Amino acid sequence: MDKQMTETLEAIYDKCAANEDNIITVLQEIQSKIGYIQEEAVNWFAERTNIPPSKFYGVVTFYSQFHQNPRGKNIVTVCCGTVCHVKGAPRIISKVREDLKLKADQDTTRDMLFTLERVNCVGACSIAPVVLVNEKVLGKVTPSKIVKSLSEYKGKP
Amino acid sequence: MGTGGIAAGGDLVMEEFTKQFEAAGIENAKVKEKCRLHKVGCRGFCARDVLVDITVDGEVSTYQYIQPDMVSRLVQDHVIGGRPVNEWLVGDDYHTFHDNQTKIVLGDLGKIDPESIDEYLAVDGYKAAEKALTTMTPAEIIATVKESGLRGRGGGGFPTGLKWSFCAANKSDQYYIICNADEGDPGAFMDRSVIEGNPHAVIEGMIIGAYAIGASIGYVYIRAEYPLAVDRLHKALQDAKEKGYLGNKLFGTDFNFKIKVKLGAGAFVCGEETALIASIEGERGMPRAKPPFPANKGLWGKPTIINNVETFANLPHIFNKGAAWYASIGSEKSKGTKVIALTGKIRNTGLIEVPMGMPLKDIIFKVGGGIEGDRLFKAVQTGGPSGGCIPQQHIDLPVDYEGLASVGSMMGSGGMVVLDETDCMVNISKFFLEFTQSESCGKCVPCRIGTKRLLEILTRITEGEGKEGDIQLLQELAEDVRDSSLCGLGMSAPNPVISTIKYFRHEYEAHIKNKKCPAKVCNKLLTFFIRDDMCVGCGMCLRACPVNAVAGEKKLPHKIDNNLCIQCGSCFDACKFSAVLKE
């Protein structure tokens, strides 16, 4: 493990120890700093806190927010709430998959530029269907509109 | 400006106004004095975003669908020139939308700046907490809440005062109070809007509750998917602490109270009380058997009260205006108002608040303005994945806890999704099962395996593989899952199946026996073809088809080869001339 990584983890440890935070918060911190839950990081924490890694992984696999694989530079999140569903979210997902050339078992593009994710509901039902590109909320999306929006993020590595 | 407003360009409109005012007002202080740029929370009428109020000499005009490039005309004509821009003003439906509502919880939303504690104080903020803490005993507070008839707004509708009295009856060295803001129901955004629009009201409600049961520590468990709400909540907590509304010796009493924020990590089941507690403790969010109830043995084994955001936001009003006033609103057994997220195929989507017991048809046709595109009303889905679908024949139903339960649905947290004739009820039922199946925590067998089997049967029906006897199998299995699951998720997961079979059995039969989807939603049961007279031969469908089932010369009508077609619907979406039809 490189020095920078150790420092990052040490900082998370200090912060969480000071706040008496729990495993979930620790993992949320790891993910926000490193981008995903890296095995190395979990093992480091397990050793540092004397909590078995299995305990960490129990939590990681339970909550949908945690990712065990690196994610793309841009996160495309399609809302799959009830309203988005009846207003066409499934069609948008298949369009995005087609546009990003994702295979059935793939969520991240080969060039690591995009990751496609689903969310149960972002609570912006009145502008359904909704897609989030990173933090940006796009409302009343259509299959052709989303392709256009995604093109803005392409070609900028 | 809630999430919807910002997505619609609310922040850009704000920026433009500030710029225009600066440009126009450098020499002219009068313009600045007249105008106050207000950053308000959600106005409820999200479909018309961005909404802008312009007040000149006390006269308020409301504009709808405002975009940044329209701002300069508003400033020039209306603010400087004094002539309102009539064609951009809101129409009559804006007023029918608002006039048929009774706003208590949402009363201050859209009027005050949620990021300013001073604005909250100006509308009697923290007066209720002060009154409760300085002039009332905890027992009197609980009695008042009981008298008001307030029931939990998170779904179950358990009387709030009674819950508090159970908790307070325990002897313990520590009590906890938790605000459940883990709004997981798809199609619901009441709690997000309340926290984004008036976070201090929730904090004030928590202070009152904490004092009543003797809790010195409170938690807000909030979804990480709501970044704006989390930010505003943090800001509000910080401001409240600085002004002395949180911390030690509140309002000069010996009562100490602090609130911590816990971010959810994306698990629907954590809306269930015992699962939520496990999650705050840092565990996998799995529910446990009740009793013991959290009021007796909750967070870290101590007596704990968990209430919903909306329940807490009601409390300041009850203490400011009195329990009798609150009990005078609503129906016989359900008091007060309910905040509802009215969405789906309806004209006026948005956040509304109506008295309990209002007939369903008034909500849909008066407040909601009827069905979008003048299509036919089919059903309304309430209560999210735990609720059911209510058909046309029950449109006069009063909307309260008892009314909705009587037709096999439930209030839930207050999401209401209107469905029209183009929605397939089998598909809707499958959608909810997909949701509950993937959110099932896996602890108990009926829920883990039962929802999986239900989903398999529904999937096969929508794909044209339905068998004789499937409906009965679904019904039996649904009842078993309902009766034998451990927590509310499993117990209510079959509701969408049970209610859609009850009211829309003919749609299931059409799928199974005739292999047809009457609403033309289930692609696998449809045949796609191209109308010769509509097709211009642009080639969009040809390029969209993943299996090369479309053929045709450029500028001549195309054809679909139904032997190759996999019914994916890509050609239907791609066609700009409505030439692709499905049947």
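Model, not experiment: these values are computed from the prediction.

Visitor: Would you mind going over the overall build of chain A with me for this structure?
Guide: Regarding its fold elements, chain A presents seven helices and four strands. Its helices and strands in sequence order give chain A the pattern α-α-α-α-β-α-α-β-β-β-α, from N to C terminus. The principal-axis extent of the C-alpha atoms belonging to chain A is close to 50 × 30 × 25 Å.

Visitor: I would appreciate a short explanation of the overall build of chain B in the present structure.
Guide: A count of helical and extended segments in chain B gives 24 helices and 17 strands. Taken over the C-alpha atoms alone, chain B extends approximately 80 × 70 × 40 Å along its principal axes. Counting only residues that meet the buried cut, chain B has 53% of its 583 residues in that class. Long-range contacts, defined here as pairs at least 24 residues apart, represent 71% of the contacts in chain B between residues at least 6 apart.

Visitor: Would you mind showing me how to read the interface of chain B and chain A here?
Guide: Contact residues are listed per partner, giving 40 residues for chain B and 31 residues for chain A. Of all the elements in the fold, those that place two or more residues in the side of chain B that touches chain A are helix H1 (3–7), strand S7 (337–344), strand S13 (415–420) and helix H18 (425–439) of chain B. When residues of the side of chain B that touches chain A are assigned to their parent elements, the largest contribution, four residues, is made by H1 of chain B.

Visitor: Explanation requested: the sheet that holds strand S6 (residues 304–308) of chain B in the structure shown.
Guide: Two strands in a sheet stick together by hydrogen bonds in their backbones, pointing the same way (parallel) or opposite ways (antiparallel). All names here are of chain B. Spatial ordering of the open sheet is given by S5-S4-S3-S6, a layout of four strands whose pairing is parallel. Each edge of the open sheet is held by one strand with a lone partner, namely strand S5 (258–263) and S6. In this sheet, neighbouring strand axes are inclined to one another by 20° on average, regardless of whether the strands run parallel or antiparallel. By the bridge criterion, five bridges tie strand S3 (residues 176–181) to S6 in an arrangement that is parallel. Counted as the bridge partner of Ile 178 is Ile 306 from S6.

Visitor: I tried to follow the domain arrangement of chain A on my own but got confused; where do I start?
Guide: Think of interface size as the accessible area that goes away when the parts come together; that is how it is often given. In terms of domains, chain A is made up of domain 1 (3–62) and domain 2 (74–151). For domain 1 of chain A versus domain 2 of chain A, the separation of C-alpha centres amounts to 30 Å.

Visitor: What's the story with helix H14 (residues 309–321) of chain B in this structure? I'm lost.
Guide: Working note: α-helix, 3.6 residues per turn, so residues spaced by three or four point in the same direction. Residue and element names in this part refer to chain B. Judged by how many residues are buried, H14 sits mostly within the fold: eleven of 13 residues are covered. Taken residue by residue, H14 has Val 309, Glu 310, Thr 311, Phe 312, Ala 313, Asn 314, Leu 315, Pro 316, His 317, Ile 318 and Phe 319 as its buried positions. Backbone geometry just after H14 places Gly 322 at a positive phi near 100°.

Visitor: What am I meant to see in the sheet that holds S7 of chain B here?
Guide: All names here are of chain B. Pairing is mixed in the open sheet, where five strands are placed in the order S8-S7-S13-S10-S11. In this open sheet, the two edge strands, each paired with only one partner strand, are strand S8 (350–355) and strand S11 (389–391). Mean inter-strand twist for the sheet, computed between neighbouring axes without regard to direction, equals 30°. Summarising the sheet, strand S10 (residues 377–382) and S11 pair through three bridges and their orientation is antiparallel. When the sheet's bridge partners are listed, Val 380 is paired in S11 with Ile 390.

Visitor: Explanation requested: the packing of helix H1 (residues 3–19) of chain A against helix H2 (residues 23–34) of chain A in the structure shown.
Guide: Between two packed helices, both the angle of their axes relative to each other and the distance between the axes serve to describe the pair. Residues and elements named next belong to chain A. With their axes 10 Å apart at the nearest point, H1 and H2 run at an angle of 145° to one another. Helix-helix and strand crossings are classified by hand; for H1 and H2 the assignment is right-handed. Touching Thr 8, Ile 12 and Cys 16 of H1 are Thr 25, Val 26, Glu 29, Ile 30 and Lys 33, all from H2. Grouping the amino acids of the contact of H1 with H2 by side-chain chemistry returns four nonpolar, two polar and two charged.

Visitor: I would appreciate a short explanation of the environment of Ser 429 of chain B in the present structure.
Guide: Residue and element names in this part refer to chain B. Summarising the element assignment, Ser 429 is placed in helix H18. You can call Ser 429 buried: it has 30 C-beta atoms within 10 Å. For the pair formed by Ser 429 and Thr 459, sequence separation is 30 residues and the distance between their alpha carbons is 10.0 Å. Leaving out residues up to four positions away in the same chain, Ser 429 has contacts with Leu 458, Pro 496, Val 497 and Thr 500.

Visitor: I keep staring at the pairing of S8 of chain B and nothing clicks. Help me out?
Guide: Strand residues, when the strand is regular, have side chains that alternate between the two faces of the sheet. Residue and element names in this part refer to chain B. For S8, a buried count of five out of six residues is recorded, marking the element as mostly surrounded by other parts of the structure. Inspection of the sheet shows S7 paired to S8 by six bridges, in the antiparallel sense. Looking at S8, one finds that Val 339 is bridged to Glu 353. Counting the residues in the hairpin turn of S7 and S8 gives five residues.

Visitor: In this structure, what is going on with unusual backbone geometry? I would like to understand it.
Guide: Glycine aside, residues mostly have negative phi angles, and peptide bonds mostly take the trans form. Look at the link from Ala 128 of chain A to Pro 129 of chain A: it is a cis peptide, with omega at -10°. Locating Pro 129 of chain A in the fold gives a position in the loop between strand S2 (114–119) and strand S3 (131–133). The backbone of Asp 124 of chain B shows a phi angle near 65°, a positive value even though the residue is not glycine. Looking at the element boundaries, Asp 124 of chain B is found in the loop between helix H6 (117–122) and helix H7 (127–135). Look at Asp 124 of chain B and you get partly exposed, because 14 C-beta atoms sit within 10 Å. A positive phi angle is found at Lys 515 of chain B, which is not glycine, with a value near 55°.

Analysis parameters
The numbers attached to residues start from 1 for each chain and follow its sequence in the written order. Throughout, the order in which chains and ligands are written sets their labels, letters from A for the former and numbers from 1 for the latter. It should be noted that, the model being predicted, local features are given only for residues of pLDDT at least 70 and side-chain atom pairs only at 80 or more, the latter also being counted only at that level, while totals for whole chains, interfaces and linings use all residues. The helix count covers DSSP runs of H or I at least four residues long, the strand count covers runs of E at least two residues long, and both are numbered beginning at the N terminus. For every residue, the other C-beta atoms within 10 Å of its own C-beta are counted; 20 or more classify it as buried, 12 or fewer as exposed, and values in between as partly exposed. C-beta atoms are placed from the backbone. The contact rule is simple: place each C-beta atom from the backbone, and if two of them lie within 7 Å, those residues are in contact. Pairing between strands is defined by DSSP: at least two bridges between them are needed. Each axis is a line fitted through C-alpha atoms, taken for helices only over the stretch in contact, and angles between the N-to-C directions span 0 to 180 degrees. Each domain's limits were defined by an automated method or a database of domain assignments. With the far helix as reference, a near helix turned anticlockwise by less than a right angle produces a left-handed crossing, and one turned clockwise produces a right-handed crossing. Note that Gly is not counted as nonpolar here; it falls among the polar residues with everything else outside the nonpolar set of Ala, Val, Leu, Ile, Met, Phe, Trp, Tyr, Cys and Pro and the charged set of Asp, Glu, Lys and Arg.

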